[in-house]
Number of protein chains: 2
Amino acid sequence: MARPAASAALPSGTSQPSPAAPGGQVATEPGRRAAGGRVPGLPGSPAPLTAGPLAVTVSPVGRQVRVPKTAELVASQLRRRIIRGELSEGDALPPEPTLMTQFGVSRPTLREAFRVLEAEALISVRRGAHGGARVHAPSPNVAARYAGLVLEHRGATLGDVHQASSVIEPPCAVLLAERGSPDDVAALRAVLAEGDSVGEEPAALAAAQAAFHRAVVELTGNKSLSVLTGMLQHLVELTSAPQGHASIAANIREAPARSSAGDEPQRRPLGRTTRLAHATLIDLIERGDAAGAGEHWGRHLAAPGHAVPGGPADGCVLDLLG
Amino acid sequence: MARPAASAALPSGTSQPSPAAPGGQVATEPGRRAAGGRVPGLPGSPAPLTAGPLAVTVSPVGRQVRVPKTAELVASQLRRRIIRGELSEGDALPPEPTLMTQFGVSRPTLREAFRVLEAEALISVRRGAHGGARVHAPSPNVAARYAGLVLEHRGATLGDVHQASSVIEPPCAVLLAERGSPDDVAALRAVLAEGDSVGEEPAALAAAQAAFHRAVVELTGNKSLSVLTGMLQHLVELTSAPQGHASIAANIREAPARSSAGDEPQRRPLGRTTRLAHATLIDLIERGDAAGAGEHWGRHLAAPGHAVPGGPADGCVLDLLG
DNA sequence: GCATATTTGTGCGTATGTATT
DNA sequence: TAATACATACGCACAAATATG
């Protein structure tokens, strides 16, 4: 919508016909392994977690080869262009006939590639006039969805996911306090204020609270931790969205409207103790109290009111499949 | 191969023809959102990481609806059966004509679903006699591959991934030390001994070292952290496999054969200081020295020799696409 | 409301690869 | 070793649904 959609000349430099391709002019490159990484190990045991031999993957010299299907080759080429930024968010792909001739494949093959990329949320294809495939930036949510599948298959609980966050975030708070950057403090204050400005609807409150936790990790500057934390948060909001949404929100604002308590009567729709804990963390970081920040944030995350309500939050992360 | 492959009656309880399906008897369920989660936010900015507004996703009341394609519905049904364990590792799916009649879809549609599941490494399709689709358990490697795509798109470096591990693992060591379980200590000793028994080939050494780090996290019992750590490890071994493999291994065994130094001359092919650091961690955990274990493990992970060699390990995680 | 462009789903045919005989 | 049967891979062409203008 925003951009005029550079839909022309997709595989621009590589469209020379490369004569002896299997079904067309898809650059075959027989030594590459394309997209879907096969899993050599994991014969069936559900990951020994207590004391077993822990499955030391001995990584043999040559892995299992799998013939790359043509559709996967097409999907890989498009995926690469998206990941490398040659195709950016909102760009429109050429219509199917154009792509068919450019890749030298038939319609079913191209459609298979489309389904793969659509399942990865890298494109979304709508039909009708001015429809077609539009590009989307890769998001941690898809990685989170698949990680959630793995966790669901292993029988992990929602409390398990939450505990992982409580392990990751405190060291980030320590890092921020050690650095002591005024910019970090200002950014955290801004996020906290933004949480005050949202209304009283439960979803917005939960989102604001999550945003603060995310900010603690993202301000660290470590992109991997940011992505991982985003995945964990997405898992929580994904499993708790269908049913437990209202209960979580009810837990967030413990004392619903304590406006007569004295200080700042109106502008704190966020949970009382929650907002206080967030503000305290900012103070500790500003003060440079690394140990205190880490310990405080760890306690805040381990607090019983912070986790999902209704028992010790042991609902299996099974909601991802309905 | 190992199992007789229960290939009959795949969608057993749900094969009643459900009259008014769009193209067949796929259970439509119009309210469900199937597989590919669209991303509402992220208009194009590469994740403000320093001080920006940090994009507080305000989660509106109704998300964007997307018509579920028939192939995605088929893929979702098969995926659900795999994740829930009704189809387990190595099981064979019925041949295409059977699935076509059971799902009431045509072959291209079924093949699109196959490509999606194959890209997710949940099945692997081989052709030829006794070929067909075989089921695989979901592995963190696929989640790692997609998370790697996200990180590569954001320009994350390999050092960034390593730093994430150095944030996650020390708290796990602390947890193990606080718990002080003899089983944990025994398991860690077993993994360490297994690392001694592998040969001298660089790949095996790197795998053994990675296995110890994984054990530290997995013994915690937290499945989310285990999956996340497995993803990070898979990312490093994925990016460093093509070129930097030998250099990493060369870094692992600093003093190649110091067998004349006195203690245990023969059975420590693992790097000298590396093995010592691992053994020291076990001792600290056995002693119950939580603070010491955390600090030691953090130092070990931050050691310059532990990261990838050749500068401060800032190679972009770009190798995932060739 | 109608025309148009676009994807969607389907059927059938041929080619290719794999395991069995 | 060679022939054969089986199962998927890929292609072409047609009908239907859908969103835009």
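What you are looking at is a predicted structure, and each value in this text was computed from that prediction instead of being measured. (Residues numbered from 1 in each chain as written. Chains lettered and ligands numbered in written order. Predicted model: local features only at pLDDT ≥ 70, side-chain atom pairs only at ≥ 80, totals over all residues. Heavy atoms only, no water.)

**Let's talk about the overall build of chain A**
Working step 1: Across its full length, chain A holds 11 helices and 2 strands.
Working step 2: The helix and strand sequence of chain A, counted from the amino end, reads α-α-α-β-β-α-α-α-α-α-α-α-α.
Working step 3: Counting all 322 residues of chain A, 50% fall into the buried class.
Working step 4: Considering only intrachain contacts with a sequence separation of at least 6, the fraction spanning at least 24 residues in chain A is 72%.
Working step 5: On chain A, roughly 14,400 Å² of surface is accessible, and the fraction owed to carbon and sulfur atoms is 57%. (Helix = DSSP H or I, 4+ residues; strand = E, 2+ residues; numbered from the N terminus. Buried < 20%, exposed > 50% of the residue type's maximum accessible area, 1.4 Å probe, protein only. Contact = heavy atoms within 4.5 Å. Areas by Shrake-Rupley, 256 points an atom, 1.4 Å probe, with all protein chains shown as cover.)

**Quick look at the pairing of strand S2 (residues 132-135) of chain B**
Residue and element names in this part refer to chain B.
Working step 1: In terms of strand pairing, strand S1 (residues 123-126) meets S2 through 4 bridges, oriented antiparallel. Counterpart to Ile123 in the pairing with S2 is Val135.
Working step 2: Adjacent in sequence and paired antiparallel, S1 and S2 are bridged by 5 residues, among which Gly128 carries a positive phi angle near 105°. (Pairing = 2+ DSSP bridges.)

**What about the pattern of salt bridges?**
Working step 1: For the structure on display, the rule yields 27 salt bridges over all chains.
Working step 2: Arg107 of chain A is the partner of Glu96 of chain A in a salt bridge, and the nearest nitrogen-oxygen pair spans 3.9 Å. Of this pair, Glu96 of chain A sits in helix H2 (residues 96-103) while Arg107 of chain A sits in helix H3 (residues 107-119), and the two are 11 residues apart along the sequence.
Working step 3: Glu120 of chain B is the salt-bridge partner of Arg79 of chain B, the closest N and O atoms lying 2.5 Å from each other. Of this pair, Arg79 of chain B sits in helix H1 (residues 70-83) while Glu120 of chain B is found in the loop between helix H3 (107-119) and S1, placing the two residues 41 residues apart along the sequence.
Working step 4: For Arg79 of chain B, a relative accessible area of 2% corresponds to the buried category. (Salt bridge = Lys/Arg side-chain N within 4 Å of Asp/Glu carboxyl O.)

**Digging into the packing of helix H7 (residues 202-218) of chain B against helix H11 (residues 290-302) of chain B**
Residues and elements named next belong to chain B.
Working step 1: At a minimum axis separation of 14 Å, H7 and H11 run at an interaxial angle of 145°. Relative to H11, the crossing made by H7 is left-handed. Contacts from Phe212, His213 and Val216 of H7 reach H11 at Trp297, His300 and Leu301.
Working step 2: Class assignment of the residues belonging to the contact of H7 with H11 gives a composition of 4 nonpolar, 2 polar and no charged. (Axes fitted to C-alpha atoms, helices over the stretch in contact; angles between N-to-C directions. Left-handed = near helix turned anticlockwise from the far one by under 90°. Nonpolar A, V, L, I, M, F, W, Y, C, P; charged D, E, K, R; others polar.)

**With respect to the UniProt feature "domain: HTH gntR-type" (unreviewed entry) in chain A**
Working step 1: Sites flagged by UniProt as "domain: HTH gntR-type" (unreviewed entry) map to residues 68-138 of chain A.
Working step 2: Taken as a whole, residues 68-138 of chain A contains 49% helix and 11% strand, while its terminal C-alpha atoms sit 23 Å from one another. (UniProt positions renumbered as here; feature names shortened; annotations may be inferred.)

**Structural notes on H3 of chain A**
Residue and element names in this part refer to chain A.
Working step 1: Given a rise of 1.5 Å per residue, 13 residues ought to cover 18 Å, and the 18 Å separating the end C-alpha atoms of H3 matches this to within 8%.
Working step 2: Across the 13 residues that make up H3, a large majority, 10, are buried.
Working step 3: Among the residues making up H3, those that are buried are Thr109, Leu110, Glu112, Ala113, Phe114, Arg115, Val116, Leu117, Glu118 and Ala119.
Working step 4: Backbone geometry just after H3 places Ala121 at a positive phi near 60°. (Expected span 1.5 Å × (residues − 1).)

**Some words on the packing of helix H5 (residues 158-179) of chain A against helix H10 (residues 272-287) of chain A**
All names here are of chain A.
Working step 1: Taken N-terminus to C-terminus, the directions of H5 and H10 make an angle of 40°; their axes are 6 Å apart at the nearest point. Judged on the interaxial angle alone, H10 and H5 are oblique. Contacts between H5 and H10 involve Ala173, Leu176 and Ala177 on the former and, on the latter, Leu281, Leu284 and Ile285.
Working step 2: Broken down by class, the residue content of the contact of H5 with H10 amounts to 6 nonpolar, no polar and no charged. (Parallel < 35°, antiparallel > 145°, perpendicular 65-115°, else oblique.)

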